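Observations on the model geometry
This is what each chain is made of:
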Amino acid sequence: MFVFFLWIIWLTILFRVFADIFRSHDLGGWGKAGWTLLVIVLPFLGVFVYILARGGGMAEREMERERRIALKTYTRHLAAESTPSNHADALATLADLKNHHEITEEEYQRAKEQVLAA
């Protein structure tokens, strides 16, 4: 049972590392290929080195991804609910999010276009 538990933990870590490698925008194609090759050829050492070298950014990249998904969901919700009278409320909410630095300028512009298109 203990070995099975460790195997599940190992697979979880391995898949999270692979996901982080391919989701990372700061790595180029050769960097992704190199990390992938290292993790495939020497899995335990590769994962250990990857976590030491880039582990701090893994959580930040995951939080950024979740934030973008939440913003898309929220924007779709606003666009679906928005009637012409609610557009002002939706735009005010988006402006408030932008002013509190919860979304970037480009995210604000995309969300604003979605609300106005509805």
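Structure: above.
Below is a short write-up of the structure.

Conventions and cut-offs
Residues numbered from 1 in each chain as written. Predicted model: local features only at pLDDT ≥ 70, side-chain atom pairs only at ≥ 80, totals over all residues. Heavy atoms only, no water. Patch = residues over 30% accessible without salt bridge, like charges linked within 9 Å, V, L, I, M, F, W, Y side chains within 5 Å. Areas by Shrake-Rupley, 256 points an atom, 1.4 Å probe, with all protein chains shown as cover. Salt bridge = Lys/Arg side-chain N within 4 Å of Asp/Glu carboxyl O. Helix = DSSP H or I, 4+ residues; strand = E, 2+ residues; numbered from the N terminus. Buried < 20%, exposed > 50% of the residue type's maximum accessible area, 1.4 Å probe, protein only. Contact = heavy atoms within 4.5 Å. Axes fitted to C-alpha atoms, helices over the stretch in contact; angles between N-to-C directions. Parallel < 35°, antiparallel > 145°, perpendicular 65-115°, else oblique. Nonpolar A, V, L, I, M, F, W, Y, C, P; charged D, E, K, R; others polar. Phe/Tyr/Trp six-rings, centres within 6.5 Å; stacked < 30°, edge-to-face > 60°. Lys NZ or Arg CZ within 6 Å of the ring centre and 35° of its normal.

1. What about a nonpolar patch on the surface?
- A grouping of L37, I40, V41, L42, L45, F48, V49 and L52 is seen on the molecular surface, where their side chains present a nonpolar patch of about 790 Å² in accessible area.
- Secondary-structure elements contributing two or more residues to the nonpolar patch are α2 (29-41) and α3 (43-81).
- Ranked by the residues each element gives to the nonpolar patch, the list is headed by α3, at 4 residues.
- Of note, L45 is situated in helix α3.
- On the accessibility criterion, L45 (48% relative accessible area) is partly exposed.

2. Details of the environment of I103
- For I103, the location among the structural elements is in the loop between α4 (87-99) and α5 (105-117).
- C-alpha separation for the pair I103 and R68, spaced 35 residues apart in sequence, amounts to 8.8 Å.
- When near neighbours in sequence (up to four residues on either side) are disregarded, I103 contacts R67, L71, L94, L97, K98 and Y108.

3. A look at the packing of α4 against α5
- Running from N to C, α4 and α5 cross one another at 175°; their axes reach a closest spacing of 10 Å. The orientation of α4 with respect to α5, classified from their angle, is roughly antiparallel. Facing H87, A90, L91, L94, A95 and K98 of α4, the residues of α5 in contact are E105, Y108, A111, K112, V115 and L116.
- Of the residues that constitute the contact of α4 with α5, the class distribution is 8 nonpolar, 1 polar and 3 charged.

4. Topic: the packing of aromatic side chains
- With the rule as written, the count across this model stands at 2 aromatic pairs.
- Their ring planes at 35° and their centres at 4.4 Å tell us that W10 and F44 sit as a pair that is tilted. Highlighted residues: W10 in helix α1 (residues 2-23) and F44 in helix α3, separated in sequence by 34 residues.
- When its relative accessible area of 14% is taken as the criterion, W10 is described as buried.
- With a relative accessible area of 59%, F44 lands in the exposed category.
- Here W35 and Y50 contribute two aromatic rings whose centre-to-centre distance is 4.9 Å and whose plane-to-plane angle is 85°, an arrangement assigned as edge-to-face. Placement of W35 in helix α2 and of Y50 in helix α3 is noted, with a sequence separation of 15 residues between them.
- Above the ring of Y108, the side-chain terminus of K98 is found at 4.6 Å from the ring centroid.

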